[in-house]
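# Summary of the model geometry
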Amino acid sequence: MNREFEARFTAILLTLLTVAAILFAGFNYRIEHQTTVPDDGAWWMERNGQLVADRLEQGGPAERAGIRRGDKVVSINGRSVDTAATVTRQLYYSGSIPRRPIR
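What comes next concerns the included structure. Just so you know, these numbers come straight off a predicted model, no measurement behind them. (Residues numbered from 1 in each chain as written. Predicted model: local features only at pLDDT ≥ 70, side-chain atom pairs only at ≥ 80, totals over all residues. Heavy atoms only, no water.)

## Observations regarding the overall build of the protein
The number of helices and strands found in the protein is three helices and seven strands. Overall, the protein shows an N-to-C arrangement of helices and strands of α-β-β-β-α-β-β-β-α-β. A compact globule built from 103 residues should have a C-alpha radius of gyration of about 13 Å, whereas the protein, at 23 Å, is more than 25% larger. For the protein, the spread of C-alpha atoms along the principal axes amounts to about 75 × 30 × 25 Å. Taking the contacts inside the protein whose residues are at least 6 apart along the sequence as the reference set, 38% of them involve residues at least 24 apart. Entry remark: accessible area of the protein is about 8,200 Å², with carbon and sulfur atoms responsible for 56%. (Helix = DSSP H or I, 4+ residues; strand = E, 2+ residues; numbered from the N terminus. Rg over C-alpha atoms; globule rule 2.2 N^0.38 Å. Contact = heavy atoms within 4.5 Å. Areas by Shrake-Rupley, 256 points an atom, 1.4 Å probe, with all protein chains shown as cover.)

## A few points about the packing of aromatic side chains
A complete count under the given rule lists one aromatic pair for this structure. Ring geometry for Phe5 and Phe9: centres 6.3 Å apart, planes at 20°, overall stacked. On the criterion of helical spacing, the pair formed by Phe5 and Phe9 is a turn pair, its members being four residues apart in helix α1 (residues 2-32). You can call Phe9 partly exposed: its relative accessible area is 49%. Taking NZ or CZ as reference, Arg55 lies 4.4 Å from the ring centre of Trp43, over its face. (Phe/Tyr/Trp six-rings, centres within 6.5 Å; stacked < 30°, edge-to-face > 60°. Buried < 20%, exposed > 50% of the residue type's maximum accessible area, 1.4 Å probe, protein only. Lys NZ or Arg CZ within 6 Å of the ring centre and 35° of its normal.)

## A short note on the environment of Ala25
Assignment of secondary structure puts Ala25 in helix α1. Residue class for Ala25 comes out partly exposed when judged on its relative accessible area of 45%. A C-alpha to C-alpha distance of 26 Å links Ala25 and Arg8, two positions 17 residues apart in sequence.

## Digging into the pattern of salt bridges
For the structure shown, the criterion picks out three salt bridges. Arg47 is paired through a salt bridge with Asp54; the nearest N and O atoms lie 2.9 Å apart. Take Arg47: its relative accessible area is 39%, and that puts it in the partly exposed class. Here the salt bridges do not stand alone but share partners, grouping Arg47, Asp54 and Arg69 into one network. (Salt bridge = Lys/Arg side-chain N within 4 Å of Asp/Glu carboxyl O.)

## Regarding the pairing of strand β3 (residues 50-56)
Every other side chain in a regular strand lies on the same face of the sheet, so the side chains alternate between the two faces. Of the strand pairs in this sheet, strand β2 (residues 42-47) and β3 are connected by six bridges, and their pairing is antiparallel. Bridge pairing in β3 places Ala42 opposite Leu56. Here β2 folds back onto β3, and the loop between the two strands holds two residues, one of which, Asn48, carries a positive phi near 50°. Pairing of β3 with strand β4 (residues 72-73), which is carried by two bridges, proceeds in the antiparallel orientation. If you follow Leu51 over to β4, its bridge partner there is Val73. (Pairing = 2+ DSSP bridges.)

Below is the structure:
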C-alpha cells in the first residue's frame with residue numbers, strides 16, 4: 001500500500017508540474033509577442049570588425065536618413081558600436097527609433 005501511494009503521489013506531482021510548465025510557457029509566449037523591438041530599417045552585418053549595412057527596408061528609417069547598402073556604422077548617439085547586438089542595445093537606449101512588434 002505504501003508503494004501504491006508513492007506511485008500515485010509521483011504521478012500527481014508530475015502532472016501538476018507539467019501543467020504548470022505549459023501555463024508558464026503560454027504566459028511567456030504571450031508576453032514575448034507583445035514586446036516591441038527597436039527598428040532602424042537596416043540589417044547590419046559584421047565584416048572585418050566593422051558593421052556594414054547589408055540590406056535596407058524600402059522606405060524605412062535608415063533609407064530615409066540616407067544610409068546606403070555598404071555604409072558602415074561606427075557609433076550611435078556618441079557611443080561606439082562594434083557588433084549587431086550593441087546596435088540593438090543602443091537603439092533601445094536612444095528610444096527615438098520607431099518600434100515594430102515581433103511577429
